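Commentary on secondary and tertiary structure
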Amino acid sequence: MPKHGKKYREVAKLVDKKKNYSIEEALDLVKKTSYTKFDGTVELHILLGIDPKKGDQNVRGTISLPKGTGKNVKVLVFAEGEKAEQAKQAGADFVGSDDLIDKINNEGWTDFDVAIASPEVMRKIGRLGKVLGPRGLMPSPKAGTVTDDVAQAVKEFKAGKVEVRNDRTGNIHIPIGKVSFDKMDLQENLISALEQLMKMKPENSKGKFIRKAAIAATMGPGINIDLSTLSLTSVA
């Protein structure tokens, strides 16, 4: 039984796995190799020069994409009183405190993309770690999702701010837009994401920080990028 379906195998023929493509060639290919009926996401996959087993080398933070993600981001805010009202006015999809905590804890409900919390309610949501933690939804100061300015956080995540964190193999995955995006918009998001990621390099990470990078459309083949074409002097 083949590992991939017929459509994947057909578009995969367009990609030379041994070649590193310029950003322009890679973006052209990612559009050609997208075969889903829906508007797929273009994701940037990066191998970092870190030891993910060492806590002081793990990378976690947020990246703001200048052209947005193209996705309608569902934002939940844990807040009370005035901050809850500010979150609603800023466009949060779900706002509450004990009611949302009970729904998540009792029903395992996680129909949202980002969870933001005001500092004073963090003591209440600690018990949600088992549900939200594995899904990467637990609010964290490091990710900018625990903040006094919940309204600003809502606006930023709605506008294209994404949380990033490396996985256990030292890779990081960043959505940089939709296949339907203009190529120049995808390019701007890609370069901006790499530049912001470089600023997250841990002090104890030695040598080359961004070792490899590739892009792929949803369910599509990976396309390796020639990092030397990006004029990112700090990649080395």
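Residues numbered from 1 in each chain as written. Predicted model: local features only at pLDDT ≥ 70, side-chain atom pairs only at ≥ 80, totals over all residues. Heavy atoms only, no water.

We count it as follows: UniProt positions are given in the numbering used here, feature names are shortened, and annotations may be inferred rather than shown by experiment.
The name given to the protein in an unreviewed UniProt entry is Large ribosomal subunit protein uL1, with the source organism recorded as Petrotoga sibirica. Of the comments in the UniProt record for the protein, the one headed Subunit (unreviewed entry) reads "Part of the 50S ribosomal subunit." Its UniProt record gives the protein a comment under Sequence similarities (unreviewed entry), which states: "Belongs to the universal ribosomal protein uL1 family."

1. Re the packing of helix α2 (residues 23-32) against helix α8 (residues 183-198)
What counts, and what does not: Angles shown run from 0 to 180 degrees and are taken between the N-to-C directions of axes, each axis being a line fitted to C-alpha atoms and, for helices, limited to the stretch in contact. Only runs of H or I of at least four residues qualify as helices and only runs of E of at least two qualify as strands under DSSP, and these elements are numbered from the N terminus. Note on terminology: angles under 35 degrees are roughly parallel, angles over 145 are roughly antiparallel, angles of 65 to 115 are roughly perpendicular, and the others are oblique. Crossing handedness is read from the near helix: turned anticlockwise from the far helix by less than a right angle, it gives a left-handed crossing, and turned clockwise, a right-handed one. The contact criterion used is simple: two residues touch if any of their non-hydrogen atoms lie within 4.5 Å.
Close contact between α2 and α8 brings their axes to 10 Å; oriented N to C, the two are set at 120°. Viewed along their axes, α2 and α8 adopt a mutual orientation that is oblique. α8 is crossed by α2, and the crossing has right-handed handedness. Within the contact between the two elements, α2 uses I23, E24, L27, D28 and K31 and α8 uses K183, L186, Q187, L190 and I191.

2. Focus: the confidence of the model for the protein
The condition is simple: pLDDT measures how confident the predictor is about each residue, on a scale from 0 to 100.
For the protein, the mean per-residue pLDDT works out to 92, and 97% of the residues sit at or above 70. Highest mean pLDDT in the protein belongs to strand β3 (residues 75-78) (98); lowest belongs to helix α1 (residues 6-12) (90).

3. Digging into the pattern of salt bridges
Working definition: two side chains of opposite charge can pair if their charged atoms are close together. Applicable threshold: Note on definitions: salt bridges are taken to be side-chain nitrogens of Lys or Arg within 4 Å of carboxyl oxygens of Asp or Glu. Working definition: with a 1.4 Å probe on protein chains only, accessible area under 20% of the residue-type maximum means buried, over 50% means exposed, and in between means partly exposed.
This model, assessed by the stated rule, comprises 16 salt bridges. Between K19 and E25 there is a salt bridge, and its shortest N-O distance comes to 3.8 Å. A relative accessible area of 36% places E25 in the partly exposed class. Ionic pairing is found between K83 and D148, a salt bridge with its closest N-O pair at 2.8 Å. Here D148 lies in the loop between α6 (129-132) and α7 (150-159) and K83 lies in helix α3 (residues 81-90), a separation of 65 residues in the sequence. Judged by relative accessible area, which is 18%, K83 ranks as buried.

4. Considerations on the sheet that holds strand β1 (residues 41-48)
The criterion, for reference: A pair of strands counts as paired when DSSP detects no fewer than two bridges linking them.
What the four strands build is an open sheet, ordered β7-β1-β8-β9; its pairing is antiparallel. Bordering the open sheet on either side are β7 (171-178) and β9 (223-224), each of which pairs with just one other strand. In the sheet, strand β8 (residues 210-217) pairs with β9 via two bridges, with the strands oriented antiparallel. Residue pairing across strands places I215 opposite I223, the latter belonging to β9. Where α2 meets the sheet, it contacts β1, β8 and β9, and its direction lies at approximately 35° from that of β8.

5. Topic: the side chain of T147
Rule in force here: Within 3.5 Å is the distance limit for a polar contact, defined as a pair of N or O atoms, with the added protein rule that one can donate a hydrogen and the other accept it, and that residues adjacent in sequence qualify only through two side-chain atoms.
The residue T147 is located in the loop between α6 and α7 in this model. T147 gets classed as buried once you look at its relative accessible area, which sits at 19%. Here D149 takes part through its backbone nitrogen, which lies 3.0 Å from a polar atom of the side chain of T147. Leave out the neighbours within four places in its chain, and T147 touches I116, A117, S118, P119 and A153.

6. Things to note about the sheet that holds β3
Reading across from one edge, β4-β3-β5 is the order of the three strands in this open sheet, with parallel pairing throughout. What marks the edges here is a single partner per strand, and that holds for β4 (94-96) and β5 (114-117). The sheet shows a mean angle of 15° between the axes of neighbouring strands, taken without regard to direction. Judged from the four bridges that link them, β3 and β5 form a sheet pairing that is parallel. Paired with F78 across the strands is A117, a residue of β5. Contacting β3 and β5, α7 runs over the sheet at an angle of about 165° to β5.

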